[in-house]
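Take a look at the letters that make up each chain.
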Amino acid sequence: MSRSTSRLRSLGLDPDTGKEALAVTRPGGLLEELADAHALKAATVLVTVVGAVLEVGKATDAELAAFVTPLHAALEECVGILAADRE
């Protein structure tokens, strides 16, 4: 991903409306920094939850499968952050 590319990023949920707040971020900008922080926080929470479920070891295959899509999305976002930082 090019550092000069703007992209639509999540900034989290609006506390007043409960709707997801999205912004077009630019590399090095404040909104990109906020989006990165949100993505890393969300990924951290997801890893913690999935880790706890795996540690208990009683989840069904269907319950575990429910984590695949959000884990993929979180990983993709984190890889995008890392790739943008290296460019």
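Preceding this section is the structure that the text describes.
Reading the values: rules and limits
Residues numbered from 1 in each chain as written. Predicted model: local features only at pLDDT ≥ 70, side-chain atom pairs only at ≥ 80, totals over all residues. Heavy atoms only, no water. Core = buried A, V, L, I, M, F, W, Y, C linked by side-chain atoms within 4.5 Å. Buried < 20%, exposed > 50% of the residue type's maximum accessible area, 1.4 Å probe, protein only. Helix = DSSP H or I, 4+ residues; strand = E, 2+ residues; numbered from the N terminus. Contact = heavy atoms within 4.5 Å. Salt bridge = Lys/Arg side-chain N within 4 Å of Asp/Glu carboxyl O.

A. The arrangement of the nonpolar core in detail. With six residues, the main nonpolar core is built from A43, L46, V50, F67, A74 and C78. Looking at this core, the elements with two or more residues in it are α1 (30-56) and α3 (68-86). Counting residues per element, this core draws most heavily on α1, which supplies three residues. Ignoring any residue separated from it by four or fewer positions in sequence, one finds C78 in contact with L40 and A43.

B. Representation of the pattern of salt bridges. Counted according to the given criterion, the structure contains two salt bridges. Linking R9 and D36 is a salt bridge whose minimum nitrogen-to-oxygen distance equals 2.8 Å. Taken as a pair, R9 in strand β1 (residues 7-13) and D36 in helix α1 lie far apart in primary sequence, 27 residues in all. Across this residue pair, the class does not change: R9 and D36 are buried. With its nearest N and O atoms 2.5 Å apart, the salt bridge here joins R9 to E77. Of the two residues, R9 sits in strand β1 while E77 sits in helix α3, which places them 68 residues apart along the sequence. Owing to a relative accessible area of 2%, R9 belongs among the buried residues under this scheme. One network of salt bridges, in which partners are shared, links R9, D36 and E77.

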